[in-house]
Structures are given as structure tokens and as C-alpha cells.
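# Inside the fold
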Amino acid sequence: MRDQPPPTPQGPAPDLFTWEFAANPYPAYAWLREHAPVHKTKLPSGVDAWLVTRYADARQTLADNRLSKNPAHHDEPAHAKGKTGIPGERQADLMTHLLNIDPPDHTRLRRLVSKAFTPRRVAEFAPRVQELTDDLIDRFTASGNGTADLIHEFAFPLPIYAICDLLGVPREDQDDFRDWAGMMIRHGGGPRGGVARSVKKMRGYLAELIHRKREALPAEPVPGEDLISGLIRASDHGEHLTENEAAAMAFILLFAGFETTVNLIGNGTYALLTHPEQRERLQRALAEGDRGLLETGVEELLRYDGPVELATWRFATEPVVIGGQRIETGDPVLVVLAAADRDPERFADPDTLDLGRRDNQHLGYGHGIHYCLGAPLARLEGQTALATLLTRLPDLRLAADPAELRWRGGLIMRGLRTLPVEFSPPGSGQT
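Residues numbered from 1 in each chain as written. Predicted model: local features only at pLDDT ≥ 70, side-chain atom pairs only at ≥ 80, totals over all residues. Heavy atoms only, no water.

## Notes on the pairing of strand 1 (residues 38–42)
Just so we agree on the cut-off: Two strands make a pair as long as DSSP finds a minimum of two bridges between them. Secondary structure follows DSSP: runs of H or I at least 4 residues long count as helices, runs of E at least 2 residues long count as strands, and numbering of each begins at the N terminus.
Note: strand 1 against strand 2 (residues 48–52), five bridges, orientation antiparallel. The residue bridging Lys40 from the neighbouring strand is Trp50, located in strand 2. Once strand 1 ends, the chain turns through five residues before running back antiparallel as strand 2, passing Gly46 with a positive phi of about 100 degrees.

Here it is in C-alpha cells:
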């Protein structure tokens, strides 16, 4: 990391975490990158934290083992008061998941679930993702009025049903998960109590589901065994996985595995609808059977306006110098992925959306040992959702002024509250 002193700020720092900032944080992040690349600020929760905004600093910070994921290293009791991390996770005894632990426990738990997200396993899941995608489009086009809210009718339910299938949540229970996840979405940036109540309900259900699956678990694994059954089998066969760890693992895969993809699909669709030349370029490629632009395009959408604005919490376990700035032991550090991925020192024309961008080592899914475990599944869902939307609804268009759209005001995630669209109903003969 840079050892030289941080630059002297020019003028006052921009306001952060306002509703105006949520709509377009990129000018503020550009100011921070230039004038205060490692910037201490008071978060809406009242916690003081360091924001890291330059790409080179961000990449190194994400891989620095002196920065712990365990909130016990925070020098303030804020984590005990529910001001850091996921609301309600401590009260629900769900702290021992991948976002809150370090090696060796992190290594052990990640190894247990990583096989569920191998390229082969994700490829086997592709037909189900396509089936879910087509079914949801069938539902919102069935009314025939040619309008929909793509967040609530498409981007939100798709990853919920997909991750529930992967975990082994019975179909008859998946709408409950959709309701609990919806509470988390609706309360992003608002009262944390609504999220905490949903977390508590999820915890109770997962404990019961783990118990039921353990009772019915066959002696030997079956092909395509669901992830919760695999976690139970591991805990029963010497892998030292406690029931709390199994519940926490299932919970974080649900929690982290749905909202990121909601925002990938929502932000990605919005970016394409507001950049018609790029959208038409992708539609032409898809019509010609060329999926190469779809693959690079999803990576570019992750870089340009990704689903995760800030990486999850880290805490210094000893004094650390980042970008010339000394961070004291116990200080919280938040890497601003959205700022790093628009750093002109790393990306040419960073504020330009270019679906064919090749040199694109973005940080949208993190870096280092905490790189997003579910990234292969999220990419599959994003590619499937966008390709199917643009192919089946070729004249898809925004049904609102972009200035009227509202973004959820949470700290970590970046996503639209709604995405109203219009399209010619299938079978209308219009294009």
C-alpha cells in the first residue's frame, strides 16, 4: 500500500449517505479518491469507520490478514449493540458465518460449502435457473397490460427461489422465505428492527428444517443432494460443524445470496435501459448466438454499478497503514468497491459503460480469501436473466423518469427500490 502521506483535502468533503448521495454516489467517491482516499467518517448508525476508495488500496486491504472479519476486534461495543453486521444475527445466535470469522475457522467452513458452487455444480443448476426465469416472465406478462415492476416481479424472486432450491428448502416453504427476504429489502436503510425480526424467523425455521432433514437423511449421499443435507452430513461425520454453524451457514448463503443478485439484475437492467446503444449491441450479439458479449457485459455491469457498494466490515488487529493513513487497532475499515471500480488509475474511461471491456479485474465480488463464494451462481443468474429479458421482451423500456427512481439507502448494498418498465405484450405483433 502507499506509504506516502495522504493528500491534503481541497475544500469540504461531500455529504455521504444522504438520499441524494444514494441516487448517485460516484461524484462523491471521485472526490474522496482524489482528496481523501482513506477517509474517516461517521456512519448513519453512529459508528466511526475508515472508507478506502482507491483500487490499489482496496485490493490490498481486502487481502490483508491484519484486518479481521470478527467484530470482537472492534474497539467499541457497537457490534454488541447491533450497529455493525447484519441486524439481529447476534440475538439469533447466527454469528458464526463466513462474513464474521477468520482462518482457520473460515477455511474449514468455506471448504465445506465450496463444492456446492463449483463450475460443474452451477452448470448442472443452469436449466433450473432458466426455468425460474421463464416462469417469472410468463407471470408478469400474463396480465397483457405490458407493464411490470422488474424488482418485485422478477429480480427479487428469481434468486430467492434459486438459492432455496440449492439449499433444499421445500417448495411449499419458499414463499415464507420470500416474505422474510422482502422485509430485509424493504427495511434496507430504515429501521433495523424489521430486518432483525425476519432474521429471527429465518433462524427458527432453519433450526426446524435442519432437525427434519437430519431425521430423514439417507445413509449415503444421493446425486444432487441439497446443501443443507450436505452440511448436516459433514457435521455428523467428523467435520466438527455444530448445529449453530450449520444454521448460520445456511442463513448467510440465503442472506448474501439473494440481495446481491437482486441488485445485479436490477442495476444491470437499469444500466442497459439508460444506455440504449450498449443494450442494442448486446441484443444483436444474442440474436447472432454470440454469448461472449453477455459474459463480458455482466462483468462490466458489476464494475459500472455493482450490487455491493461497500465490502462488509473489517477491523484492524494491529496498527495498519493504508494509502499513507495510519489505522489504529480496533478501527473499523470499509472498502468502497463502487469507488475502487471507477478508479481512473485502474480503468480507462471508468465512467463509461462498455460491455466489451476486456481488462476488467473489478472488485465487485471482493478479493482474497473472502471472495464471494456464490459468484459463479450469481453470474449464471445475471446472464440468464438479462439474456432472457432482452430476447423475450426486445422493446423493454423504462416507464419512469430516471430522476424519479429511488435507491435503497442501506450501507453495504446498492439497489433500486423499484424498476417500472413497459413492453409490448407477447403475441401483440409489436416490436
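## Observations concerning the pattern of salt bridges
In plain terms, the rule: Salt bridges are identified by distance alone: a Lys or Arg side-chain nitrogen within 4 Å of an Asp or Glu carboxyl oxygen. Burial classes: relative accessible area under 20% of the type maximum marks a residue as buried, over 50% as exposed, and values in between as partly exposed (1.4 Å probe, protein chains only).
Counted according to the given criterion, the structure contains 23 salt bridges. A salt bridge links Lys42 to Asp48, with the shortest nitrogen-to-oxygen separation between them at 3.2 Å. You can call Asp48 partly exposed: its relative accessible area is 36%. Across the pair Glu299 and Arg379 runs a salt bridge whose closest N-O atoms are separated by 2.6 Å. A residue pair is termed long-range when its members are at least 10 positions apart, and Glu299 in helix 13 (residues 292–305) and Arg379 in helix 15 (residues 375–392) qualify at 80 residues.

## Things to note about unusual backbone geometry
Although it is not a glycine, Phe17 adopts a positive phi angle of roughly 65 degrees. Note on Phe17: relative accessible area 24%, which makes it partly exposed.

## So, the packing of helix 7 (residues 157–167) against helix 15
Just so we agree on the cut-off: Whenever a helix is involved, its axis is fitted only over the stretch in contact; in every case the axis is a line through C-alpha atoms, and angles between N-to-C directions fall within 0 to 180 degrees. In what follows, roughly perpendicular refers to angles from 65 to 115 degrees, roughly parallel to angles under 35, roughly antiparallel to angles over 145, and oblique to any angle outside these ranges. Two helices crossing with the near one rotated counterclockwise from the far one by less than a right angle form a left-handed crossing, whereas a clockwise rotation gives a right-handed crossing. In this description, contact between two residues means that some pair of their heavy atoms is separated by no more than 4.5 Å. Ten residues, namely Ala, Val, Leu, Ile, Met, Phe, Trp, Tyr, Cys and Pro, are considered nonpolar, four, namely Asp, Glu, Lys and Arg, are considered charged, and the remaining ones, Gly among them, are considered polar.
Contact geometry of helix 7 with helix 15 gives a least axis separation of 11 Å together with a crossing angle of 140 degrees. Viewed along their axes, helix 7 and helix 15 adopt a mutual orientation that is oblique. Of the two possible hands of crossing, helix 7 and helix 15 adopt the one that is right-handed. Across the interface between the two elements, Leu158, Pro159, Ala162, Ile163 and Leu166 of helix 7 pack against Leu377, Glu381 and Ala385 of helix 15. Its residues assigned to classes, the contact of helix 7 with helix 15 shows seven nonpolar, no polar and one charged.

## Considerations on helix 2 (residues 26–35)
For helix 2, a buried count of seven out of 10 residues is recorded, marking the element as mostly surrounded by other parts of the structure. Taken together, the buried positions of helix 2 are Tyr26, Ala28, Tyr29, Trp31, Leu32, Arg33 and His35. Buried positions along helix 2 lie against helix 1 (19–23), strand 1, helix 13 and helix 14 (337–340).

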